[in-house]
Amino acid sequence: MSRIWGVLAWFAGIVFFAPVAWMFLTSLHSESDAATNPPSLLAPLTLDGYEEFFNAGAWPPLINSFSASIGSTIIVLLLAIPAAYALSIKPVEKWTDVLFFFLSTKMMPVVAALLPIYLIAQFSGMLDNISFLTLLYCSMNLPIAVWLMRSFLAEVPKEILEAASIDGAGLVTTLRRVVAPIAMPGIAATALICFIFSWNELLFARVLTGVVAGTAPVYLTGFVTSQGLFLAKVCAAAVVVSLPVLIAGFAAQDKLVQGLSLGAVK
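Residues numbered from 1 in each chain as written. Predicted model: local features only at pLDDT ≥ 70, side-chain atom pairs only at ≥ 80, totals over all residues. Heavy atoms only, no water.

Per an unreviewed UniProt entry, the protein chain is named Mannitol ABC transporter permease, and its organism is Lentzea cavernae. We quote the UniProt Sequence similarities (unreviewed entry) comment for the protein chain here in full: "Belongs to the binding-protein-dependent transport system permease family." Reading the Subcellular location (unreviewed entry) entry of the UniProt record for the protein chain gives the comment "Cell membrane". (UniProt positions renumbered as here; feature names shortened; annotations may be inferred.)

The following block contains the structure:
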């Protein structure tokens, strides 16, 4: 039975990985070879697609995406950890109602908030501004971050916190030197999820940005033109835009698994 499950797991992995491998292989072909039907697997390999992608001005959108994603993730963690501490280790009255209120903010369709947010950005002069996009990503990711961190911090032993309090540690010291090291897998998992959500966000970035603050996903949509779809170039751009998330996932995979499974087994 275990062999059957192993075969099924390998089959599922191949099914999920095949499109990514095909995209990467297509990005290494010329436009003429990428457009052939059926595609030519033995066509000569070239880096022309990547060269055209970076020569077309890809660095500013990539930098904007890094700035908005990393900046919003840091701010979210700085706000979510104390909030989760208050809701788990030092629970306030009716803390479950607070958590459900946080989660309810994620239930509204994104399109419903698009026009009001656009008008706010226009009135405040923050259209096409990466700082406004960073704050917007913070508000989008903060509810889910508080939920995740609350479940992680609930597993911190109370005895350690009581010992730190007896030793005279204040709230900031307790969070920095006691809670953070213990909950580091959960913090890494939350940070990675917030980073992925921010990096992949397209709708608000498409509407609220223009020439100056355009992000990588917005820049990627620009390859679909009225002249047609240049498949090799689009695949090269998709590979580059996907790399930061893949690298972050591989770098934090051990802590990600620990964080997402924290508290699952008693």
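**Q** I'm lost on the domain arrangement of the protein chain in this one. Help?
**A** Reports often express the size of an interface as the amount of accessible area lost when the parts come together. Taken as a whole, the protein chain is organised into domain 1 (1-46) and domain 2 (60-260). Here the C-alpha centroids of domain 1 and domain 2 sit 31 Å apart. Every contact between the two is made by eight residues of domain 1 and, on the other side, eight residues of domain 2. Summing both partners gives a buried area of about 640 Å² for domain 1 against domain 2, and 77% of it is carried by carbon and sulfur. Interface area lost by domain 1 to domain 2 is led by M23, S27 and E31, which between them contribute 68%. Counting across the interface, domain 1 meets domain 2 through zero salt bridges. At the junction of domain 1 with domain 2, the criterion picks out three residue pairs in polar contact (both at pLDDT 80 or more). When residues of the side of domain 1 that touches domain 2 are traced back to their parent elements, those giving at least two are helix 1 (2-27) and helix 2 (31-34). It is helix 1 that contributes the most residues to the side of domain 1 that touches domain 2, four residues altogether. (Domains from an automatic or database assignment. Contact = heavy atoms within 4.5 Å. Buried area = accessible area lost by both parts, 1.4 Å probe. Salt bridge = Lys/Arg side-chain N within 4 Å of Asp/Glu carboxyl O. Polar contact = N/O pair within 3.5 Å; in protein donor to acceptor, adjacent residues only side chain to side chain. Helix = DSSP H or I, 4+ residues; strand = E, 2+ residues; numbered from the N terminus.)

**Q** Before we go on, may I ask you to explain the environment of I182 in this structure?
**A** Mapped onto the elements of the fold, I182 is located in helix 9 (residues 171-182). Given a relative accessible area of 37%, I182 falls into the partly exposed group. In contact with I182, other than residues within four places in its own chain, are V156 and I160. (Buried < 20%, exposed > 50% of the residue type's maximum accessible area, 1.4 Å probe, protein only.)

**Q** Quick question: what am I supposed to make of the packing of helix 3 (residues 48-55) against helix 13 (residues 231-251) here?
**A** Two packed helices can be described by the angle between their axes and the distance between those axes. Where helix 3 meets helix 13, the closest approach of the two axes is 8 Å, and the angle between their N-to-C directions is 70 degrees. Judged by the angle between their axes, helix 3 and helix 13 are roughly perpendicular. Seen from helix 3, the contacting residues are G49, Y50, E52, F53 and F54; seen from helix 13, they are K233, A236, A237, V239 and V240. Tallied by class, residues from the contact of helix 3 with helix 13 come to seven nonpolar, one polar and two charged. (Axes fitted to C-alpha atoms, helices over the stretch in contact; angles between N-to-C directions. Parallel < 35°, antiparallel > 145°, perpendicular 65-115°, else oblique. Nonpolar A, V, L, I, M, F, W, Y, C, P; charged D, E, K, R; others polar.)

**Q** Can you help me understand the state of the cysteines in this one?
**A** Put plainly, a disulfide is one covalent bond tying together the sulfur atoms of two cysteines. Scanning the entire structure with this criterion turns up zero disulfides. Here C138 is not cross-linked by a disulfide; its sulfur's nearest cysteine counterpart is in C194, at 9.0 Å. (Disulfide = S-S within 2.5 Å.)

**Q** Is there a simple way to explain the UniProt feature "transmembrane region" (unreviewed entry) in the protein chain in this structure?
**A** In the numbering used here, UniProt assigns the feature "transmembrane region" (unreviewed entry) to residues 7-25, 66-87, 99-118, 130-149, 178-198, 204-223 and 230-252. Along residues 66-87, the helical share is 100% and the strand share 0%, with 31 Å between the first and last C-alpha atoms. Secondary structure within residues 99-118 divides into 75% helix and 0% strand; the distance between the first and last C-alpha atoms comes to 27 Å.

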